[in-house]
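# Descriptive analysis of the structure
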2 protein chains.
Amino acid sequence: MPEAAARTRIQEKNISAILDAALEVFSGAGFRGATLDQIARAASLSKPNLLYYFKSKEAIHRALLSELLDTWLAPLRTLDSGGEPVDEIVRYVMRKLDMARELPRESRLFANEIVQGAPHIFDIIEGPLKALVDEKASLIRKWTAEGRIAEVDPYHLIFSIWATTQHYADFDAQVRGILRPERDRHFDDAARFLTHLYRTALTPD
Amino acid sequence: MPEAAARTRIQEKNISAILDAALEVFSGAGFRGATLDQIARAASLSKPNLLYYFKSKEAIHRALLSELLDTWLAPLRTLDSGGEPVDEIVRYVMRKLDMARELPRESRLFANEIVQGAPHIFDIIEGPLKALVDEKASLIRKWTAEGRIAEVDPYHLIFSIWATTQHYADFDAQVRGILRPERDRHFDDAARFLTHLYRTALTPD
DNA sequence: CGTGATCCTGACCAATTGGTCAAACTCTCC
DNA sequence: GGAGAGTTTGACCAATTGGTCAGGATCACG
């Protein structure tokens, strides 16, 4: 890939076309399931031209993951010590659910990666992601200690929020097969259900 | 594959070796990520010998999925109208969580399949699975109507149970990366958390 | 023990796939 | 408008992969 520092107009356009195409293909087929030909076709470029911008399939994948990781974790970062704890967490759930609706490809990209053992991002999970989760977990523990939310394991609370929200993107095929809903209708129902679930479980007795 | 009706001792042994090897490989790499060589090696057979028992890679995958589907859905089938509703559902959650611990490969096999759009089992999802879920959803609705559990959308309740429990198998790499726990310790914490989550959310006010 | 069915293998094949390269084309900027 | 950097491509390659096949080994059974 040409230097990021000074990008041509053409580079700008093609690199973002490639990343978008790669997101489409990788998220639908996983790393090994995706082929350079598919990505090239989706980006309307020839295969050698792809490899002019990225030196390998791996390089495209790596670039995609690191480009999207920040976006993906942004909602958790905004979990803040100001505000009413239960509201704060329910708001986080709603933001994550919105992301599952708006960015299902991104969700599935990470799902594919992690289901297969996170071979390309395990160091990020153990490092920066763990650090972020640790930080938010102790915030939640503080809230518990102050009696402002019910006593729950903060790590498993976070896991359950990830699981329940991302489910609607990652397992979309199953959800649609069972509900056969009109477009996106079920997200509203999911929002209502999850609000109830977390509000009742977190409100201190 | 030779007739199921009358199986040789050798067939019995090799077919189950193949299916076990295939479970290992497919669950870790997805359908396209898996290769016949890997499966053959894991089963200690030659590749042509694999293809003596199953006529294609697809055939192995199909056989695996249909063999495991019943096991996988058994816990939902046992959700029964007898007994206290909240206990009944919490018991279902615990059984699903046990399965994530005991049968993570099976969970990941289905996860891989569904994340990638369920190409091989969409008809099963729309058919028998939907029928089963519909049936249990109306049981839950009945409980709601009788005031024996809180008012919740039964479909999204079931989705959330699948999501939260299977998460520990499917996203194991992430869970381990963040918790770094001693072997399986975190399943006990998860059980406690999920019990609290569903008990409080489902107990009628 | 022999014979037919079952089981197994090495050699092979065609298609796909990630990747290379030299040559040609096109843009930018003086 | 021309020189040099930047961009694109067709032809090609080696490795991998799913699958075939003819023949040989082994087993069950009368």
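Numbering of residues starts from 1 in each chain and follows the order in which that chain's sequence is written. All chains are assigned letters beginning with A, and all ligands numbers beginning with 1, in the order in which they are written. Predicted model: local features are reported for residues with pLDDT of at least 70 only, side-chain atom pairs are reported and counted for 80 or more only, and whole-chain, interface and lining totals are derived from all residues. The side-chain values count all of the structure's non-hydrogen atoms but skip hydrogen atoms and water molecules.

Taken together, 19 residues surround DNA strand D, and among them A:Gln11, A:Arg32, A:Tyr53, B:Arg9 and B:Lys57 come closest. Of everything in DNA strand D that lies within 4 Å of the protein, sugar and phosphate atoms constitute 64%. A:Tyr53 is positioned with one of its side-chain polar atoms (N or O) 2.7 Å from a phosphate oxygen of DNA strand D. Here a polar contact is taken to be a pair of N or O atoms separated by no more than 3.5 Å, where protein atoms must pair a possible hydrogen donor with a possible acceptor and residues adjacent in sequence count only if both atoms sit in side chains. Side-chain polar atom of B:Arg9 to a phosphate oxygen of DNA strand D: 2.6 Å apart, as the coordinates give it. Going along the chain from the N terminus, every DSSP run of H or I of four or more residues is numbered as a helix, and every run of E of two or more is numbered as a strand. Sorting the residues of the surface near DNA strand D by element identifies helix H1 (9-33) and helix H3 (47-53) of chain A together with helix H3 (47-53) of chain B as the ones contributing at least two each. Being near a molecule or strand, for a residue, comes down to having at least one heavy atom within 4 Å of it.

Here we come to the pattern of salt bridges. Salt bridges are defined as contacts in which a side-chain nitrogen from Lys or Arg sits within 4 Å of a carboxyl oxygen from Asp or Glu. Per the stated rule, a full pass over the model turns up 32 salt bridges over all chains. Among the salt bridges present, the one from A:Asp98 reaches A:Arg101, with a minimum N-O distance of 3.0 Å. Placement of the pair is A:Asp98 and A:Arg101 together in helix H5 (residues 85-102), with a separation of three residues, close to one helical turn. A salt bridge links B:Arg101 to B:Asp188, with the shortest nitrogen-to-oxygen separation between them at 3.9 Å. Here B:Asp188 lies in helix H10 (residues 185-202) and B:Arg101 lies in helix H5 (residues 85-102), a separation of 87 residues in the sequence. Salt bridges sharing partners connect three or more residues here, namely A:Asp20, A:Glu24 and A:Arg105.

Let us now look at the protein's contact with DNA strand C. The environment of DNA strand C is formed by 19 residues, the closest being A:Arg9, A:Lys57, B:Gln11, B:Arg32 and B:Tyr53. Among all atoms of DNA strand C positioned within 4 Å of the protein, those belonging to sugar or phosphate total 67%. In the environment of DNA strand C, a phosphate oxygen lies 2.9 Å from a nitrogen or oxygen atom belonging to the backbone of A:Leu36. Contact distances for DNA strand C include 3.0 Å between a base nitrogen and a side-chain N or O atom of A:Lys47. Those elements that provide at least two residues to the surface near DNA strand C are H3 of chain A together with helix H1 (9-33) and H3 of chain B. Across the surface near DNA strand C, the residue classes break down as eight nonpolar, seven polar and four charged. Classification convention: Asp, Glu, Lys, Arg as charged; Ala, Val, Leu, Ile, Met, Phe, Trp, Tyr, Cys, Pro as nonpolar; all other residues, Gly among them, as polar.

So, on to the interface of chain B and chain A. It only takes one pair of heavy atoms within 4.5 Å for two residues to be counted as in contact. Across the contact, 51 residues belong to chain B and 51 residues belong to chain A. In short, buried area is how much 1.4 Å probe accessible area vanishes from two parts on joining, totalled over both. Between chain B and chain A, a total of about 4,700 Å² is buried, with carbon and sulfur atoms accounting for 68% of that surface. The three residues of chain B that bury the most area against chain A are B:Val115, B:His156 and B:Ile178, which together make up 15% of that side's buried surface. For B:Arg180, the salt bridge is made with A:Glu126, and the minimal N-O distance between the two is 3.0 Å. At the junction of chain B with chain A, the criterion picks out 13 residue pairs in polar contact (both at pLDDT 80 or more).

To continue, consider the packing of helix H8 (residues 154-170) of chain B against H10(B). Residues and elements named next belong to chain B. For helices, the fitted axis covers only the stretch in contact; all axes are lines through C-alpha atoms, and the angles between them, taken along N-to-C directions, range from 0 to 180 degrees. At their nearest, the axes of H8 and H10 sit 11 Å apart, and the two run at 170 degrees to each other. As the angle between them shows, H8 and H10 are arranged roughly antiparallel. Side by side, H8 and H10 meet where Leu157, Ser160, Ile161, Thr164, Thr165 and Tyr168 of the first sit next to His186, Phe187, Ala190, Leu194, Tyr198 and Leu202 of the second. The class makeup of the residues in the contact of H8 with H10 is eight nonpolar, four polar and no charged. Note on angle classes: values under 35 degrees are labelled roughly parallel, values over 145 roughly antiparallel, values of 65 to 115 roughly perpendicular, and the remainder oblique.

Moving on to helix H4 (residues 57-77) of chain B. Residue and element names in this part refer to chain B. By this rule, a helix spans an expected 1.5 Å times one less than how many residues it contains. If you check H4, its first and last C-alpha atoms are 31 Å apart, about what 21 residues at 1.5 Å a residue would give, namely 30 Å. Where H4 bends most, at Leu68, the angle is about 30 degrees. Exposure is judged per residue with a 1.4 Å probe applied to protein chains only, and the accessible area is read against the type maximum: over 50% gives exposed, under 20% gives buried, and values in between give partly exposed. For H4, the full list of buried residues reads Ala59, Ile60, His61, Ala63, Leu64, Leu65, Leu68, Leu69, Trp72, Leu73, Pro75 and Leu76. Each residue is assigned a bend, namely the angle between axes fitted to the seven residues that terminate at it and the seven residues that start at it.

Along the chain, A:Arg41 falls in helix H2 (residues 36-42). It is 42 Å that separates the C-alpha atoms of A:Arg41 and A:His156, two residues lying 115 residues apart in sequence.

Further remarks concern the side chain of A:Glu113. Residues and elements named next belong to chain A. Of note, Glu113 is situated in helix H6 (residues 104-115). Within the buried core, Glu113 has no salt-bridge partner, and the shortest N-O distance to an opposite charge, that of Arg62, equals 10 Å. There is a polar contact of 3.4 Å between the side chain of Glu113 and the backbone nitrogen of Ile121. In contact with Glu113, other than residues within four places in its own chain, are His61, Ala118, Pro119, His120 and Ile121. By the counting scheme adopted, Arg and Lys are positive, Glu and Asp are negative, and His together with the chain ends is not counted.

Between the two chain copies there is a screw-like relation: a rotation about an axis and a shift along it. When the copies are overlaid, the least-squares fit takes in C-alpha atoms only where the residue has pLDDT of at least 70 in both copies. Superposing chain B onto chain A takes a rotation of 180 degrees plus a shift of 0.0 Å along the axis, which leaves an RMSD of 0.0 Å. The transformation relating the two chain copies, once decomposed into turn and shift, fits a two-fold axis. Of every C-alpha in chain B, the one belonging to B:Ala163 sits nearest the axis of rotation, 2.6 Å from it. The fraction of interface residues of chain B whose copies in chain A are also interface residues reaches 100%, indicating that both copies meet through the same surface.

With that out of the way, let us pick up the side chain of B:His186. As for its placement among the helices and strands, B:His186 is situated in helix H10. A relative accessible area of 1% means that B:His186 is categorised as buried. Non-local contacts of B:His186, meaning those with residues more than four positions away in its chain, are made with A:His156, B:Tyr168, B:Val175, B:Arg176, B:Leu179 and B:Pro181.

Glancing now at the packing of aromatic side chains. A pair of Phe, Tyr and Trp rings is counted when the ring centres sit within 6.5 Å of each other, with Trp represented by its six-membered ring. The angle between the planes then sorts it: under 30 degrees is stacked, over 60 is edge-to-face, the rest tilted. The full count for this structure, using the stated rule, is twelve aromatic pairs over all chains. Seen from their ring centres, A:Phe159 and A:Trp162 are 5.9 Å apart, and the 55 degrees between their planes marks the pair as tilted. With A:Phe159 and A:Trp162 both in helix H8 (residues 154-170) and three residues apart, the pair spans about one turn of that helix. Through a chain of ring-to-ring contacts, the aromatic side chains of A:Phe159, A:Trp162, B:Tyr168 and B:Phe187 assemble into a single cluster.

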